[in-house]
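Remarks on the overall topology
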Amino acid sequence: MPVGAAADSLSCASPDPGRGSIGLVLSGGGARGAAHVGVLKVLEEMRVPVDCIAATSFGAIVGGLYSSGMPVAQIEKTLAEIDWSAVFDDRLDRDNRPYRRKRDDDLWLVKGRVGVRDGELRFPTGLIQGQKIRGILSRFTMPVAGVRDFDQLPIPFRAVATDIVSGEEAVLGGGVLADAIHASMAIPAIFAPVEIDGRLLVDGGVSNNLPVTVARAMGAEIIIAVDISTQLYQREQLDSLLAITDQLSNFLTRRNTERQLERLQDQDILLLPNMGDLTSASFDRIGEAVPPGAAAAQAAASQLRTLAVTETEWGAFLAARSRPSTQRPVIRSVQIDNRSGLSDELLVTRAGVEPGAPLDVLDLQRSVDRIYGLELFDEVSYRVDDREDATGSDLTLAVKERSWGPGYLQLGTRMSGSFDGEDVFDLGASYLRTSVNAWNGEWRAGGSVGDEPSLFFDFYQPLGVRSRLFVEPLVFYGRRNVNIFDEQGNGLGATRVKEGGLVLSGGFEVGDWGELRAGWRRVFGENDTRFGDPAIPSGNFDDGALFLRASVDEIDDFYFPSRGVDGFIEYRRSRPDYGADDAFEQVLFHGRVAASHGPASIRLVADYMSTPSGKAPPQNLFRAGGLFRLSGYELNELSGQHYAQLALIPSYKIADFRLLPVYVGASLEIGNVWQNEDDIGFSDTLTAGSLWIGADTPLGPAHIAFGVAEGGRESFYLFLGPVR
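Residues numbered from 1 in each chain as written. Predicted model: local features only at pLDDT ≥ 70, side-chain atom pairs only at ≥ 80, totals over all residues. Heavy atoms only, no water.

**Quick look at the overall build of the protein**
A tally of regular secondary structure across the protein gives 14 helices and 31 strands. The C-alpha extent of the protein, read off along each of the three principal axes, is 105 × 60 × 45 Å. Evaluated residue by residue, the protein yields a buried proportion of 54% over its 724 residues. A separation threshold of at least 6 residues defines the contact pool for the protein, and within that pool the share at least 24 residues apart is 65%. A total of about 31400 Å² of accessible surface is found on the protein, and carbon and sulfur atoms cover 56% of it. (Helix = DSSP H or I, 4+ residues; strand = E, 2+ residues; numbered from the N terminus. Buried < 20%, exposed > 50% of the residue type's maximum accessible area, 1.4 Å probe, protein only. Contact = heavy atoms within 4.5 Å. Areas by Shrake-Rupley, 256 points an atom, 1.4 Å probe, with all protein chains shown as cover.)

**Points about the packing of helix α1 (residues 35–45) against helix α2 (residues 58–67)**
Where α1 contacts α2, the two axes come as close as 10 Å, and the packing angle between them is 35°. Here H36, V37, L40 and E44 of α1 lie close against α2, whose contacting residues are G59, V62 and Y66. (Axes fitted to C-alpha atoms, helices over the stretch in contact; angles between N-to-C directions.)

**With respect to a nonpolar patch on the surface**
Together, W513, V552, V565, V593, I602, L604, L646, L648 and L668 line one region of the surface with nonpolar side chains, adding up to about 710 Å² of accessible area. For L646, the location among the structural elements is in strand β27 (residues 642–657). (Patch = residues over 30% accessible without salt bridge, like charges linked within 9 Å, V, L, I, M, F, W, Y side chains within 5 Å. Salt bridge = Lys/Arg side-chain N within 4 Å of Asp/Glu carboxyl O.)

**With respect to the packing of α1 against helix α10 (residues 290–299)**
The N-to-C vectors of α1 and α10 enclose an angle of 45°; their axes lie 6 Å apart at closest approach. What the angle tells us is that α1 and α10 run oblique. Note on packing geometry: the crossing formed by α1 with α10 is right-handed. Touching A35, V37, G38, V39, K41 and V42 of α1 are V290, G293, A294, A297 and Q298, all from α10. Here the residues of the contact of α1 with α10 are counted per class, giving seven nonpolar, three polar and one charged. (Parallel < 35°, antiparallel > 145°, perpendicular 65-115°, else oblique. Left-handed = near helix turned anticlockwise from the far one by under 90°. Nonpolar A, V, L, I, M, F, W, Y, C, P; charged D, E, K, R; others polar.)

**Some words on empty space enclosed by the protein**
The full count for this structure, using the stated rule, is three cavities of 30 Å³ or more. When its volume is computed, the largest cavity comes out at roughly 110 Å³. Contributing to the lining of the largest cavity are 14 residues, with R100, R350, N440, Y460 and E509 lying nearest its centre. Among the secondary structure elements, those contributing two or more residues to the lining of the largest cavity are α5 (99–102) and β17 (454–462). (1 Å grid on protein atoms, 1.4 Å probe; cavity = no way out; pocket = protein on both sides within 12 Å on 5 of 7 lines; lining within 4 Å. Points joined across faces, edges and corners; volume = space filled by probe spheres on them.)

**A word on the sheet that holds strand β11 (residues 331–339)**
Spatially, β11-β13-β12 is the arrangement adopted by the three strands of the open sheet, whose pairing is mixed. The sheet is open, and its two borders are formed by β11 and β12 (377–386), each paired with just one other strand. Strand-to-strand twist in this sheet, taken as the mean axis angle between neighbours without regard to direction, amounts to 15°. Of the pairings in the sheet, the one linking β12 to strand β13 (residues 393–401) comprises nine bridges and is antiparallel in character. What sits directly across from V380, in β13, is V399. Helix α14 (residues 361–372) rests against β12 and β13 of the sheet, and its axis sits at about 155° to β12. (Pairing = 2+ DSSP bridges.)

**Overview of the packing of aromatic side chains**
For the structure on display, the rule yields 17 aromatic pairs. Measuring from centroid to centroid gives 5.8 Å for F628 and W692, while their planes differ by 80°, and the two rings are edge-to-face. Here the residue F628 occupies a position in the loop between β25 (622–624) and β26 (638–640), and W692 occupies one in strand β29 (residues 686–697), the gap between them amounting to 64 residues. You can call W692 buried: its relative accessible area is 4%. (Phe/Tyr/Trp six-rings, centres within 6.5 Å; stacked < 30°, edge-to-face > 60°.)

**Observations regarding a negative patch on the surface**
Among the surface-exposed residues, E677, D678, D679 and D684 lie close enough to one another that they form a single negatively charged patch. Following the sequence through the fold, E677 ends up in the loop between β28 (660–674) and β29. (Lys, Arg positive; Asp, Glu negative; His and termini not counted. Charge placed at Lys NZ, Arg CZ, Asp CG, Glu CD.)

**What about the pattern of salt bridges?**
Tallied over the entire structure, the rule returns 49 salt bridges. Residue R113 is joined to E375 by a salt bridge in which the shortest nitrogen-to-oxygen separation is 3.1 Å. On the criterion of sequence distance, the pair formed by R113 in the loop between α5 and β3 (114–117) and E375 in the loop between α14 and β12 is long-range, its members being 262 residues apart. E375 shares its class with R113; the two are buried.

**Observations regarding helix α3 (residues 72–81)**
What α3 keeps buried is the set V72, I75, T78 and L79. Each buried residue of α3 lies within a common arc of 120° when the element is viewed along its axis, so the set occupies one face. In this structure, α3 carries A73, K77, A80 and E81 as exposed residues pointing more than 90 degrees from its buried face. Looking at the buried side of α3, the elements it contacts are α1, α2, α4 (84–87) and α6 (131–140). (Arc of directions from axis to C-beta.)

**A short note on the domain arrangement of the protein**
Taken domain by domain, the protein holds domain 1 (22–90 + 128–237 + 267–321) and domain 2 (468–651 + 671–678). Here domain 1 and domain 2 have C-alpha centroids that lie 56 Å from each other. (Domains from an automatic or database assignment.)

**Some words on the side chain of D268**
The topology assignment puts D268 in the loop between α9 (241–261) and β10 (269–271). By relative accessible area, D268 is classed as buried at 7%. Within the structure, the side chain of D268 is placed 2.7 Å from the side chain of R216, a separation counted as a polar contact. Polar contacts involving the side chain of D268 include one to the main-chain amide nitrogen of Q265, which spans 2.7 Å. Setting aside anything within four residues of it in sequence, one finds D268 in contact with R216, E221, I222, I223 and R263. (Polar contact = N/O pair within 3.5 Å; in protein donor to acceptor, adjacent residues only side chain to side chain.)

**Topic: unusual backbone geometry**
A cis geometry characterises the amide bond from G405 onward to P406, with omega recorded as 10°. Within the secondary structure, P406 sits in the loop between β13 and β14 (407–418). Although it is not a glycine, F628 sits at a positive phi angle of roughly 70°. F628 sits in the buried class, given a relative accessible area of 12%. Despite not being glycine, N636 has its phi angle at roughly 60°, a positive value. Mapped onto the fold, N636 is located in the loop between β25 and β26.

And the structure:
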């Protein structure tokens, strides 16, 4: 049904000709909108029936759920259980992201991306696309997912949005209920506009925050209007930048609200809950908004009782508005509304819905989240349409390619050093081109300038619609500094290592949590002694190795983890036949386990790296020293054919600013490097530890730390970017 098509139909009819039809009007107001639940609770206690609902923004959430037949108690429970902080962040939890996207964290780039399309820089149309709130609304409106005329809901309903092109109100009386609610609450610039029937729609508060006229057009003879919008500040209250900014926002809604209040008539009832210090952004206190709504309704009890019906009539009303069956629909077909460059078959495979089976909404939502986690789409949604022959339902999965892609530019900065050692500072950039073909191939080119410059080009190509088998060629060039120390930690000199080469590999992704990979790595390099002992190895070198690697990644945060595991085990075989100067074999293992309780977290990190066969040349030695890698030593001060370490890293989140979570922590480490395998043992280990403070900044992770190790070794560290 087109936008607003049902707005003028007299759908608000009382089943009893002896009483006037009652329309409930619920305003927007952000988190304050939970007050509407309190009003509904009192209306039901007083047996006041509601024949139709017109609502805006958060009022549309409460009103839409109630119109769908959801009981008031369940609405209250649902609003309290929603993680609203997550709703305002479209990013999937890291442990649920596709494995390929987790590997983006291996690069020291800022999380934010700038889109590139047709040679121009592009930006999202909102800070939040609304994927998570759309999924929540779809799940909780599933019992009426097949209803396309909102007059056919248990209670006739209208959601009010605003056409962002014309500025006019858009009254939504049909379509997909979840879409209508989503559009009504899409705050401009915060949420991206919602496209319905060719119109771009945003929050209805901009045009009609208290839709009295809409309820009247539906045929309501008596209106109960609940206004929880913020009043305009008085002159003496405009005493801060925050107050002035809030006032500008209020101008968008307050003026149209006052015009709607003027449309109320003598028989109508206006409820004005006293919200105290609750603001539209108080989602962390959303449960506190319910009692003020109930109190406002109770204060108007004498008026509301005139609208009450008998217990018999109330029973009939409840029966009429009972929610449709919650039995899971049987899906007969899966259709794809594909507005992207990927193949329909790939999307069907990712959805994982088998025709002929009852629909598991939670499983479907997880599949939708995984598809959205590919980071290719503005929106991934679904709808369920009942078949006319009542033989089941048709599921349509809709994907809309990002309007600000498919190319993405990212910048990054990296700084590391110890106060007594050499500092490293680099600026980096990367261009990622996604959706190269229907199988979701992608390529990335990047590099850095600074103390350790680099260049690379990488092409990743899945080998089928299941996107599990893949090949990935990589070419690279870089320069890095290696400081050389003696056994007492005295600097002997420094080498500039120049390396270039290619990696040809392929493998298999295991779900979203792991990968098996095999390949060949060929490196051409040069050790250039910058200063120090003439005995330091210098000159050209070649390396060529076959490798086999198994990786796991279910960690929730790459730099400050609080739960999950990640790690890898790798076997390398270097031979002259593969291009290497020397014949040797190496085994590498790294693993992390993280757990938390409230703001407290702890990590256990284990490393074991060994050269069991042959002798690795200097550029292939294992290195230790630096924060969390035998703290107290200089960065990469220790080197050897073998390396092992256990580290315990407790931390505590002392501030949870959305853009800057801050942590304090410590570490206890035991390990060493060895030249001979026979020397490996606990009797020849070093004990070290650190105290540190870290922050997850918009530019990347930052650490300031002080490390100590046995033998009186100590060092201060400063990192912006990954800890090296």
